[in-house]
Amino acid sequence: MEKVSFIQTIKQAYLRVRNSKAVQTINTYLSSPWGICFFGALTLVSYCFGLEFYLWSFVVLSVIYMSLFSDDLLPVMPLFVLCYVSPSAENNPFKMGGSIFLSGATGIFLIVLICVAFACLIARIVLDKNMGLKKLFTQKRALLIGFLVLGGSFFLSGIGSAKYLSEIGKNLVFAFLQFVAFFLLYFLFSATVDWKKVKKEYFFWIGLVVGMVVVGELIHNYCTRDIIDENGSIVRGQLLTGWGIHNNIGAMIALGIPCALALAVDSKHGYAYITASIVLLVGTFFSGSRAATLAAVASFIIGAITLCVKIMDKRHLIAFAVIFGLFAVVGLGIFGEQVLGLFDRVPDIIQPGEEGGLVINDSDRMGVYKEGIKYFLQYPVFGDGFYASGEYAPWQPGKVEEFKQFLPGRWHNTIIQMMAACGAVGLVAYLFHRFQTVKLFFKKRSVTTWFIALTIVSLLGMSLLDCHLFNIGPAFFYSIALTFMEFLPQEEKDKKTEQPQSSEQEETK
């Protein structure tokens, strides 16, 4: 009896703390855009000063707090993407041999941090009656089968290829990591977030803050590295973070553009989000990534047109015109020659051909794709695996041998990647997953899902020219986007539109 009494005392004390005004105030803050901005600011500071382990230690402590006291696990969500973009250029494991990520002690510390954080999350899920392991595994998910089929194709990749047996360990480990990047956040947060209480703006704030953090990292690059040469041109090869190069930087910035425009639709401060979208657009240009720039311009134009139609306060459209005009006048009108000169060393997308006329400068992407198709034709069922067995290998990140031995080259195109690595099985699995996502969009179409879809399409478009979808951070963002698209409650006006007869029946009753 004494033991039961002691446990009851501890439980009551815990509930008093959890329900206290101070804890509820902190929870409200963490689950709001201010919480995302707070961790975003810490991420940028960490990047600029190489404080990754201090940041991640604080993140783990925050996750422990959220596991103990938060109403649900929503505030954990942005931490995955923010931690991904936090490593500094000095600790890039692909380029710097002295990176802290290549140290045995720091590697163990990283693993311990991750294990502690996930142990706390699992404990919260198991002990919380509103969550529980049963709900985690029985939650209805419209995209579940597609994700599982896609993951299955990863694990089957390369069966029967020349190097399958010699590379089977690495191939399975990489397949697992890729599946986790696609599926984990969708699986976890679909069952551990009270979606009835989630505001639709929360996803867009994640995209906006991540994009602005990466803009800050881009500015830090320009201030601390020799990005501009003696001729006043951008040397995009000098752009480097601890998590990617210029293409990766441009992609993460571009994903924030539709998020900023989405926030402007219903806001009283639409002009601020419009300004943010233009800053992100300019940041994408200065990343030197041509694919990201194309996606950014397309999503900006489509998002701006949608904004003009759907924005609540039309006065913000005047602000849109004025702000965009000022950027154009100052950037191209006053400093046009200098600005254009900056991009002299960024290859033109269309340039004169050797035999006359104009040709598309694809940085030999077509050559890479042709080689990928050759591997597919050689191993058409399950592909050649993630580690190419022939003499030709696709683009591979970095110079550091430890990472080159593990991370496989990627094919700079999602379709070619699935064909070459996973064969017809992988291609069919990906197309089935894509079919389910399109079906979900049309089922839940609204202004909110339109802008979420715009971020997804932007990512998928860039991934037809680069390997973004097969990088951990963009895959996390993709998983979060699909989770919001599926589980955000449908807006009331959309429900009324879809069920007019039910509404009339209710009025009759």
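A quick note: this is a predicted structure, and the numbers were derived from the prediction, not measured. (Residues numbered from 1 in each chain as written. Predicted model: local features only at pLDDT ≥ 70, side-chain atom pairs only at ≥ 80, totals over all residues. Heavy atoms only, no water.)

(A) Up close: the overall build of the chain. Scanning the chain for helices and strands turns up 23 helices and two strands. Across the 509 residues that make up the chain, the buried fraction comes to 52%. Pairs at least 24 residues apart make up 77% of the contacts formed inside the chain by residues separated by at least 6 positions. For the chain, the computed accessible surface area is about 24,600 Å², with 67% contributed by carbon and sulfur atoms. (Helix = DSSP H or I, 4+ residues; strand = E, 2+ residues; numbered from the N terminus. Buried < 20%, exposed > 50% of the residue type's maximum accessible area, 1.4 Å probe, protein only. Contact = heavy atoms within 4.5 Å. Areas by Shrake-Rupley, 256 points an atom, 1.4 Å probe, with all protein chains shown as cover.)

(B) Fine view of the pattern of salt bridges. According to the stated counting rule, one finds eight salt bridges in the structure shown. Note that Lys-197 is salt-bridged to Asp-194, the shortest N-O span being 3.8 Å. For Lys-197, a relative accessible area of 65% corresponds to the exposed category. The salt bridge partner of Asp-466 is Arg-365, with a shortest N-O separation of 2.9 Å. On the criterion of sequence distance, the pair formed by Asp-466 in the loop between helix 20 (447-462) and helix 21 (472-487) and Arg-365 in helix 17 (residues 365-378) is long-range, its members being 101 residues apart. Judged by relative accessible area, which is 15%, Arg-365 ranks as buried. (Salt bridge = Lys/Arg side-chain N within 4 Å of Asp/Glu carboxyl O.)

(C) How the structure looks around the packing of helix 10 (residues 201-224) against helix 13 (residues 270-287). Between helix 10 and helix 13, the least distance of the axes is 10 Å, while the angle of their chain directions is 45 degrees. Taken together, the axes of helix 10 and helix 13 lie oblique to each other. Considering only the axes of helix 10 and helix 13, their crossing is left-handed. Every residue of helix 13 that contacts helix 10 at Trp-205, Leu-208, Gly-211, Met-212, Val-215, Leu-218 and Tyr-222 is listed here: Tyr-273, Ala-276, Val-279, Leu-280, Gly-283, Phe-286 and Ser-287. The residue makeup of the contact of helix 10 with helix 13, split by class, is 11 nonpolar, three polar and no charged. (Axes fitted to C-alpha atoms, helices over the stretch in contact; angles between N-to-C directions. Parallel < 35°, antiparallel > 145°, perpendicular 65-115°, else oblique. Left-handed = near helix turned anticlockwise from the far one by under 90°. Nonpolar A, V, L, I, M, F, W, Y, C, P; charged D, E, K, R; others polar.)

(D) Spatial organisation of the packing of helix 5 (residues 77-84) against helix 10. The geometry of helix 5 relative to helix 10 is characterised by a closest axis approach of 10 Å and an angle of 15 degrees between their N-to-C directions. When the axis of helix 5 is compared with that of helix 10, the two are roughly parallel. The handedness of the crossing between helix 5 and helix 10 is right-handed. Here Met-77, Pro-78, Val-81 and Leu-82 of helix 5 lie close against helix 10, whose contacting residues are Tyr-202, Ile-206, Val-209, Val-210 and Val-213. Here the residues of the contact of helix 5 with helix 10 sort into nine nonpolar, no polar and no charged.

(E) Just the packing of aromatic side chains, in detail. Taken as a whole, this structure holds 38 aromatic pairs when the rule is applied. Relative to Phe-442, the ring of Phe-441 lies with its centre 5.2 Å away and its plane at 70 degrees, an arrangement referred to as edge-to-face. By relative accessible area, Phe-441 is classed as buried at 16%. (Phe/Tyr/Trp six-rings, centres within 6.5 Å; stacked < 30°, edge-to-face > 60°.)

(F) Geometry of unusual backbone geometry. Phi at His-412 takes a positive value of approximately 60 degrees, unusual for a residue other than glycine. As for its position among the elements, His-412 is in the loop between helix 18 (401-406) and helix 19 (414-443). Given the relative accessible area of 9%, His-412 is considered buried.

(G) Inspection of helix 2 (residues 21-30) at higher detail. Restricting attention to buried positions, one finds in helix 2 the residues Val-23, Asn-27 and Leu-30. Each buried residue of helix 2 lies within a common arc of 65 degrees when the element is viewed along its axis, so the set occupies one face. Looking at helix 2, the residues exposed on the side facing more than 90 degrees away from the buried face are Lys-21, Ala-22 and Thr-28. (Arc of directions from axis to C-beta.)

(H) Representation of the side chain of Arg-18. Summarising the element assignment, Arg-18 is placed in helix 1 (residues 2-18). Among buried Asp, Glu, Lys and Arg side chains, Arg-18 stands out as unpaired, with Asp-128 the closest opposite charge at 4.2 Å. Sequence-distant contacts of Arg-18, defined by excluding residues within four places in its chain, comprise Val-23, Gln-24, Leu-68, Phe-69, Ser-70, Asp-71, Arg-124 and Asp-128. (Lys, Arg positive; Asp, Glu negative; His and termini not counted.)

(I) Region of interest: the environment of Leu-440. The topology assignment puts Leu-440 in helix 19. Assessed through its relative accessible area of 5%, Leu-440 is described here as buried. Residues Leu-440 and Leu-143, 297 residues apart in the sequence, show an inter-C-alpha distance of 8.1 Å. When neighbours within four sequence positions are excluded, Leu-440 is seen to be in contact with Leu-143, Leu-482, Met-485 and Glu-486.

(J) Quick look at empty space enclosed by the protein. As enumerated under the stated definition, the model contains three cavities of 30 Å³ or more in all. The space that makes up the largest cavity amounts to roughly 40 Å³. For the largest cavity, the full set of lining residues is Gly-158, Ser-161, Lys-163, Tyr-164, Glu-167, Asn-171, Asp-384, Gly-385 and Tyr-387. The calculated volume of the second largest cavity comes to roughly 40 Å³. (1 Å grid on protein atoms, 1.4 Å probe; cavity = no way out; pocket = protein on both sides within 12 Å on 5 of 7 lines; lining within 4 Å. Points joined across faces, edges and corners; volume = space filled by probe spheres on them.)

(K) Broad picture of the confidence of the model for the chain. In this model, the chain carries an average pLDDT of 87, and 86% of its residues clear a pLDDT of 70 or more. Across the chain, helix 8 (residues 144-156) holds the top mean pLDDT of 98, while helix 23 (residues 500-508) sits lowest at 40. (pLDDT = per-residue confidence, 0-100.)

(L) Summary view of the nonpolar core. Counting residues in each nonpolar core, the largest one holds 128 residues, and the members touching the most others are Phe-154, Phe-189, Phe-203, Phe-386, Ile-452 and Phe-484. Leaving out residues up to four positions away in the same chain, Ile-452 has contacts with Phe-203, Phe-204, Ala-481, Phe-484, Met-485 and Leu-488. Residues Val-368, Phe-376, Met-419 and Ala-420 belong to the second largest nonpolar core, which totals 10 residues. (Core = buried A, V, L, I, M, F, W, Y, C linked by side-chain atoms within 4.5 Å.)

(M) Structural view of a nonpolar patch on the surface. Together, Phe-155, Leu-172, Val-173, Phe-176, Leu-177 and Ile-472 make up an exposed nonpolar region whose accessible area comes to about 460 Å². With four residues, the top contributor of residues to the nonpolar patch is helix 9 (residues 164-192). Considering the arrangement of structural elements, one finds Leu-177 in helix 9. (Patch = residues over 30% accessible without salt bridge, like charges linked within 9 Å, V, L, I, M, F, W, Y side chains within 5 Å.)

(N) Quick look at helix 4 (residues 52-69). Here helix 4 contains 18 residues, and its C-alpha end-to-end distance of 25 Å stays within 8% of the 26 Å for a straight helix at 1.5 Å per residue. Those residues of helix 4 that sit buried are Glu-52, Phe-53, Leu-55, Trp-56, Val-59, Val-60, Ser-62, Val-63, Tyr-65, Met-66, Ser-67 and Phe-69. (Expected span 1.5 Å × (residues − 1).)

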